[in-house]
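Listed here are the chains, written in short residue letters.
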Amino acid sequence: MQFPDETNTVAETAPEILPWKQISSQIVLDIPPWMKVHEDTIRLPGGRVIDDYYRIETPDYVIMAVCDAEGRFLLERQYKHGVGSIILTSPSGGIDDGESPLEAAERELLEETGIKAGCWSSAGKFIVDGTRGICTAHFFIANELTQAAHPQRFDIETCATVFLTRDELAAALRDGSICLLADIALYSLIIGPFLSVVQKEL
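Let me sum up the structure you'll find in this document. The model shown is predicted, which means the values in this text are computed figures rather than measured ones.

When you go through the protein chain residue by residue, the secondary structure sums to five helices and 10 strands. Burial statistics for the protein chain: of 202 residues in total, 31% are counted as buried. Partitioning the intrachain contacts of the protein chain with sequence separation of at least 6 by distance along the chain shows that 56% fall at a separation of at least 24.

Structure (structure tokens):
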């Protein structure tokens, strides 16, 4: 119930949102082609100057949900050193110079699995981190699969492929076998109803 003398205090006290001003920037770490770290000097709307705001720049990449004629999803089982364990993840990889995101997705899928997809669709592109920037992730859905070659084997990464049904995919999310945020975001976009299945009771 609102009394006559009440006002919308939320609207009245909401601050004005203004962009920051970048005064200068320098690269303090450059490890091509993997990473650049920028140290920015910025001025906040209120006038405060921050001289050590760090942004991270890494190459843009693609990640894809690969679905066969039976509705199963292709995932890769591999060791990820950043996680420190063996996990399930989707085919993915960096975009090379001169490549479009779709060309990179087609190349990565063929290299990692030996599979070609006859039908591709975009599921959007997204900034990885609103605070540090990082890169843009391009999401794709691949259908109409054919085995065209043997997977390429690389010294640093070895993976095994596995097809999961939607129920098995939900179970893998629930038990942490699929734990990377990009994978979770990808599947939540294309098969949203499964989210109710993987929610844990607190």
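Below, the discussion takes up the nonpolar core. By size, the foremost hydrophobic cluster in this structure holds 18 residues, and its most contacted members are F73, L75, L169, I178 and Y187. Grouped together as the second largest cluster of nonpolar side chains are 13 residues, V62, L109, A117 and F140 included.

Let us now look at the pairing of strand β1 (residues 21-31). Strand direction decides the pairing type here: β1 and strand β2 (residues 35-43), joined by nine bridges, are antiparallel. Opposite I31, over in β2, you have M35 as the bridge partner.

With that settled, consider the pattern of salt bridges. With the rule as written, the count across this model stands at seven salt bridges. D68 serves as the salt-bridge partner of R72, at 2.8 Å between the closest nitrogen and oxygen. For R107, the salt bridge identified is with E111, shortest N-O distance 3.4 Å. Note that R107 and E111 are positioned in helix α2 (residues 101-113) at a spacing of four residues, about one turn of the helix. Of the two residues examined, R107 and E111, each falls in the buried class. What you see here is one network of salt bridges that share partners, running through D96, E99, R107, E108 and E111.

A few words now on unusual backbone geometry. Residue P32 is joined to P33 through a cis peptide bond whose omega torsion reads -5°. Here P33 is to be found in the loop between β1 and β2. Unusually for a residue other than glycine, E144 sits at a positive phi of about 60°. Considering the arrangement of structural elements, one finds E144 in strand β9 (residues 133-147).

So, on to the layout of surface pockets. There is about 1,400 Å³ of room inside the largest pocket. Together, 40 residues line the largest pocket, and W34, K80, G93, G94 and E157 are the ones closest to its centre. For the lining of the largest pocket, the elements supplying multiple residues, two or more each, are β4 (61-67), β5 (73-80), β7 (92-94), α2, β9 and α4 (181-190). Looking at the lining of the largest pocket residue by residue, the class counts come to 18 nonpolar, 10 polar and 12 charged. Roughly 200 Å³ of internal volume is contained in the second largest pocket. Every residue along the wall of the second largest pocket is listed here: Y61, F126, I127, V128, A137, F139, L181, A182, A185 and L189. Mapped onto the lining of the second largest pocket, the elements with two or more residues apiece are β8 (115-129), β9 and α4.

What follows covers the side chain of E108. Position of E108 among the secondary structure elements: in helix α2. At a separation of 3.1 Å, a polar atom in the side chain of E108 contacts the side chain of R107. Setting aside chain neighbours within four positions, we find E108 in contact with V62, M64, S92, G93 and G94.

This paragraph deals with α2. Here α2 contains 13 residues, and its C-alpha end-to-end distance of 18 Å stays within 8% of the 18 Å for a straight helix at 1.5 Å per residue. Of all the positions in α2, only A104, A105, R107, E108, L109, E111, E112 and T113 are classed as buried. Tucked into the core, α2 has its buried residues touching β4, β5, β7, β8, β9 and β10 (159-164). Just beyond α2, the residue with positive phi is G114, at close to 75°.

Criteria and cut-off values
Residues numbered from 1 in each chain as written. Predicted model: local features only at pLDDT ≥ 70, side-chain atom pairs only at ≥ 80, totals over all residues. Heavy atoms only, no water. Helix = DSSP H or I, 4+ residues; strand = E, 2+ residues; numbered from the N terminus. Buried < 20%, exposed > 50% of the residue type's maximum accessible area, 1.4 Å probe, protein only. Contact = heavy atoms within 4.5 Å. Core = buried A, V, L, I, M, F, W, Y, C linked by side-chain atoms within 4.5 Å. Pairing = 2+ DSSP bridges. Salt bridge = Lys/Arg side-chain N within 4 Å of Asp/Glu carboxyl O. 1 Å grid on protein atoms, 1.4 Å probe; cavity = no way out; pocket = protein on both sides within 12 Å on 5 of 7 lines; lining within 4 Å. Points joined across faces, edges and corners; volume = space filled by probe spheres on them. Nonpolar A, V, L, I, M, F, W, Y, C, P; charged D, E, K, R; others polar. Polar contact = N/O pair within 3.5 Å; in protein donor to acceptor, adjacent residues only side chain to side chain. Expected span 1.5 Å × (residues − 1).

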